[in-house]
Amino acid sequence: MAAINPVAELTIDGEVATVTINSPPVNALSQSVRDGLKRGVEAAAANEAVKAIVIICAGRTFIAGADITEFGKPHAPPYLPNVLDLIENASKPVVAALHGTALGGGFEVALTAHYRIAVPSAKCGLPEIKLGLIPGAGGTQRLPRLVGVEKALDVILSGTPFGAREAKEWGVVDELAEEGKLHESALAFARRLIAENAPLKKVRDRSDKLEPARGHPEIFEAIRKANARKFRGFEAWEKAIESVRNAVDLPFDEGVLKEREMFMALLATTQSKAQRHVFFAERQTAKIADIGPDEPIRPIQSVGVIGAGTMGDGIAMNFLAAGIPVRIVETSKEALDRGVAIMRRNYENTAKKGRLTMAEVEERMGRLAPSLDFGALADADLVIEAVYENMDLKKSVFERLDGVAKPGAILASNTSYLDIDEIAARTKRPEDVLGMHFFSPANVMRLLEIVRGAKTSKSVLATIAGLAPKIGKVGVVVGVCHGFVGNRMLAERQREAMKLILEGATPWDVDRVIVDFGMPMGPFAMSDLAGLDIGWSAETSKRSTIREILCEEGRRGQKTSAGFYDYDEARNAKPSAHVEEIIRNFAASKGVAQRKIGDAEILERCTYPMINEGAKILAEGKAQRASDIDVVWIYGYGWPVYRGGPMFYADTVGLTTVLDKLREFEVKFGDDFKPAPLLEKLAAEGGAFSKP
Ligand code: 3HC
Ligand code: NAI
């Protein structure tokens, strides 16, 4: 065995040379990995005793792609395309041996080898689209040559990895190895190739799978149409389609060259920078400043949920899906039965779409124990309260829970706004209490705000932070304040949206601007969906706000087929002239002069106060880092990932621009726009919220 460089070594077993890459955590294609591959293959090729070459990786995975941390920095040689040419043009068969996740550039390395072998658990994929990119090392040219245009585009546009068995079926992988015995299997395979004098199979030379697409541009048009909605606002996907089309229309070398050009151009876009920011931001959230990896974790083997309403149901479903039994308690049989029926219907609908089997539905429902007895929570390792948003009710529920839950159980509230410390104070174990703020629908939305109370113990926090990914959530630790991070910032946008319609913008103008920006829906469509009567009561309503007037008129949102919008039976929204009139009259009664408001002002007034609030949240230590706030908005509210979250977006707009506009608005519209000191400081320093 000989070291090639610090991350690569060469071993010779008879006639087979093995180049092993060992660059934890994921063997990404850093300069030293590229160098190791190049020199390893060169040395093996130059050794006359060697008749075949195996490329394999140590650790948890085959090369998982380009080294994303190197993007945007000056690149040092050897360059990936040259390394790939070297592999493909080797005079002896090269076998790529795959385990873990052969992704992006890693999969592209494998595609230049003459043969591929994989353990059954291995996965292959081209996830570049998730980083606002297209494959940049031949992936768009080679994969279609192996699997055809449609399958290749499916892989490239979804970014979703596929398993080794599928890869074998599709002809991407030549052999499946025995699990855990990849190297032995790869050596045996290589020896067989030598014995059979097997040809040097180059994917680039194939064209049979491209034939069905030749002269059929409508294939690409159909794919474009099918994906238009999903990719609204994203730049990279059109390029991916164009590049795969080049595989059909152009000679290989030209296609690769064009692919590289598009890749490099996309690398420089704000969108790709934003998506790369989100990739790392998501992984940062798991790191809690004062909690080390040795913090003891409490086992969570059973969960209790209090309240089988909208949120309780969704919360329970997360655990059932993760294989964790759930006891759910309610105050009435009707509420309990309704909740259980909704969960079942939800799972059955998923099964109808083919994403679950009926046996899995039964398995999940079998883990659910509904009860009217609070005592049923006694054995749970974690209890999550999801009763009505009412402080007195929550306090009494926690008092009761304190009397029932076993020692060491973690007690969580799903409150949207209320003070966790006040709730915790009603128990004799405030160190075991924290907030677990799920987002609706809780079985779908990936965000979990983990609300750290003043007394929450580190082990409780570490346990819940570790639990989040197990139930498919991205957990973000936030501090106690009204609305925590997400809803506190949302309140800023909702306030401005209401002011804007009073001043002359229509609800549809505001919604259109926000949707064009990339959010899934605007503030008024969102209010209609949630119900305008949340927190409204007929007894105290005095027609003192637009919302009160709408509620009094029975326009309470989608559920009453009318809110800000009118709705038909299919819940399609239509702007309402009547609502415009209500707003006009209300503005007149308040002496507010209406004017025409441009789209730029709508966007700035909706987003800049959010950014300003984000700066306050950071300064108060209610979020650990700006990128955590970005993650909250992306996974909790559908902020467009290609804009990187509100704080990253502020950086791309320029903090001075944001600050100047806030100051201008402060003069025109008052204190709501008073700039946060942290924003002023960063702007003065020429700084940014996001750390490079
Ligand atoms: N470059 C640099 N760092 C990477 C990386 C990459 N491609 N992939 C993962 N990492 C880092 C992560 O940031 C994380 O670092 P941290 O421990 O400091 O937070 C660490 O490796 C472990 O990653 P995960 O926590 O994500 O580990 P998992 O085991 O959950 O997942 C994975 C492993 C499936 C490989 C996942 O990390 C992943 O999807 N990585 C990105 C893969 C990718 O996008 N590849 C394509 C890159 S673009 C490209 O190849 C261009 C080419 O076409 C030219
Ligand atoms: P909901 O009204 O749909 O459900 C509340 C349920 O709690 C009802 O089924 C009720 O019967 C039950 N309940 C009331 N008192 C109880 C008690 N003492 N013991 C057991 N069950 C009891 O309310 P929803 O929307 O599920 O909200 C629950 C909590 O989640 C609130 O704190 C809310 O602020 C929060 N939340 C709501 C979100 C939403 O979008 N609906 C999003 C995130 C958090």
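Residues in contact with ligand 2 amount to 22 residues; listed here are only the nearest, Met311, Glu330, Glu389, Lys394 and Ser416. One of the backbone N or O atoms of Val387 is found 3.3 Å from an oxygen atom in ligand 2. Within the contact set of ligand 2, an oxygen atom lies 2.7 Å away from a side-chain nitrogen or oxygen of Ser416. For ligand 2, the protein covers 79% of the area, taking 830 Å² as the surface of the free molecule. Those elements that provide at least two residues to the shell around ligand 2 are α12 (310-321), α15 (391-404) and β16 (433-438). Split by residue class, the shell around ligand 2 holds ten nonpolar, nine polar and three charged.

The subject of this paragraph is the site of ligand 1. Around ligand 1, the structure places 25 residues, and the nearest of them are Arg60, Ala66, Glu108, Glu128 and Arg283. Glu108 places a polar side-chain atom, nitrogen or oxygen, 2.7 Å from an oxygen atom of ligand 1. Within the side chain of Arg283, one N or O atom sits 2.6 Å away from an oxygen atom of ligand 1. Relative to its unbound accessible surface of 990 Å², ligand 1 loses 73% to contact with the protein. The set of elements that each furnish at least two residues to the shell around ligand 1 consists of β6 (101-103), α3 (105-112) and α11 (270-284). Ranked by residues supplied to the shell around ligand 1, first place goes to α11 with three residues. Split into classes, the residues belonging to the shell around ligand 1 amount to 14 nonpolar, five polar and six charged.

Below, the discussion takes up empty space enclosed by the protein. Enumeration over the complete set of coordinates arrives at one cavity of 30 Å³ or more. Around the largest cavity, the lining residues are Arg493, Ile514, Phe517, Met519, Thr607, Met610 and Trp639. A class-by-class count of the residues in the lining of the largest cavity yields five nonpolar, one polar and one charged. Structurally, the lining of the largest cavity is a two-domain feature, drawing no fewer than three residues from each of domain 3 (505-589) and domain 4 (600-685).

Further remarks concern the packing of helix α18 (residues 486-503) against helix α19 (residues 507-517). Where α18 meets α19, the axes come as close as 9 Å, and the angle between the chain directions of the two elements is 140 degrees. One finds that α18 runs oblique with respect to α19. Pair α18 / α19 crosses with right-handed handedness. Of the residues in α19, those in contact with Arg493, Ala497, Leu500 and Ile501 of α18 are Pro507, Val510 and Ile514. For the contact of α18 with α19, the per-class residue count stands at six nonpolar, no polar and one charged.

With that settled, the discussion passes to the sheet that holds β6. Within the open sheet, the three strands sit side by side as β6-β8-β9. Their pairing is mixed. The open sheet terminates on both sides in strands that have one partner only, identified here as β6 and β9 (162-163). Packing of α3 onto the sheet brings it into contact with β6, β8 (123-125) and β9, and relative to β6 it is tilted by some 85 degrees.

Let us look at the domain arrangement of the protein chain. In terms of domain boundaries, the protein chain breaks down into domain 1 (2-267), domain 2 (303-481), domain 3 (505-589) and domain 4 (600-685). Using only C-alpha atoms to locate each centre, domain 1 and domain 4 end up separated by 41 Å.

As a further point, take the sheet that holds strand β17 (residues 447-452). Hydrogen bonding along the main chain pairs the strands of a sheet, whether they run parallel or antiparallel. Here we have eight strands laid out as an open sheet, ordered β13-β12-β11-β14-β15-β16-β17-β18, and mixed in their pairing. The sheet is open, and its two edges are formed by β13 (368-371) and β18 (474-479), each paired on a single side. Recorded for the sheet is a direction-independent mean angle of 25 degrees between the axes of neighbouring strands. Across four bridges, the pairing between β16 and β17 is antiparallel. Across the sheet, the residue bridging to Met436 is Ile450, located in β17.

Another point: the pattern of salt bridges. Overall, the coordinates contain 54 salt bridges when judged by the stated rule. The closest approach of N and O atoms between Glu496 and Arg605, which form a salt bridge, is 3.1 Å. Highlighted residues: Glu496 in helix α18 and Arg605 in helix α23 (residues 599-619), separated in sequence by 109 residues. Pair check on accessibility: Glu496 and Arg605 agree, each one buried. The residue Glu604 makes a salt bridge to Lys661 at a minimum N-O spacing of 3.8 Å. Of this pair, Glu604 sits in helix α23 while Lys661 sits in helix α26 (residues 655-669), placing them 57 residues apart in sequence. Because the salt bridges share partners, they merge into one network encompassing Glu492, Arg495, Glu496, Lys499, Glu503, Arg595, Glu601, Arg605 and Asp672.

The alternating pattern of strand β11 (residues 303-306) places Val303 and Val305 on one face and Gly304 and Ile306 on the opposite face, and all of these are buried. Pairing between β11 and strand β12 (residues 326-329): four bridges, direction parallel. If you follow Ile306 over to β12, its bridge partner there is Val329. Alignment of β11 against strand β14 (residues 382-385), held across four bridges, turns out to be parallel. In the strand pairing of β14, Val303 is matched with Leu382.

This part covers the environment of Gln271. Considering the arrangement of structural elements, one finds Gln271 in helix α11. Accessibility expressed as a relative area gives 9% for Gln271, which makes it buried. Residues Gln271 and Arg555, 284 residues apart in the sequence, show an inter-C-alpha distance of 39 Å. Residue contacts for Gln271: discarding those within four places in its chain leaves Gly233, Phe234, Glu235 and Tyr642.

What counts as what
Residues numbered from 1 in each chain as written. Chains lettered and ligands numbered in written order. Predicted model: local features only at pLDDT ≥ 70, side-chain atom pairs only at ≥ 80, totals over all residues. Heavy atoms only, no water. Near = heavy atom within 4 Å. Polar contact = N/O pair within 3.5 Å; in protein donor to acceptor, adjacent residues only side chain to side chain. Areas by Shrake-Rupley, 256 points an atom, 1.4 Å probe, with all protein chains shown as cover. Helix = DSSP H or I, 4+ residues; strand = E, 2+ residues; numbered from the N terminus. Nonpolar A, V, L, I, M, F, W, Y, C, P; charged D, E, K, R; others polar. 1 Å grid on protein atoms, 1.4 Å probe; cavity = no way out; pocket = protein on both sides within 12 Å on 5 of 7 lines; lining within 4 Å. Points joined across faces, edges and corners; volume = space filled by probe spheres on them. Domains from an automatic or database assignment. Axes fitted to C-alpha atoms, helices over the stretch in contact; angles between N-to-C directions. Parallel < 35°, antiparallel > 145°, perpendicular 65-115°, else oblique. Left-handed = near helix turned anticlockwise from the far one by under 90°. Contact = heavy atoms within 4.5 Å. Pairing = 2+ DSSP bridges. Salt bridge = Lys/Arg side-chain N within 4 Å of Asp/Glu carboxyl O. Buried < 20%, exposed > 50% of the residue type's maximum accessible area, 1.4 Å probe, protein only.

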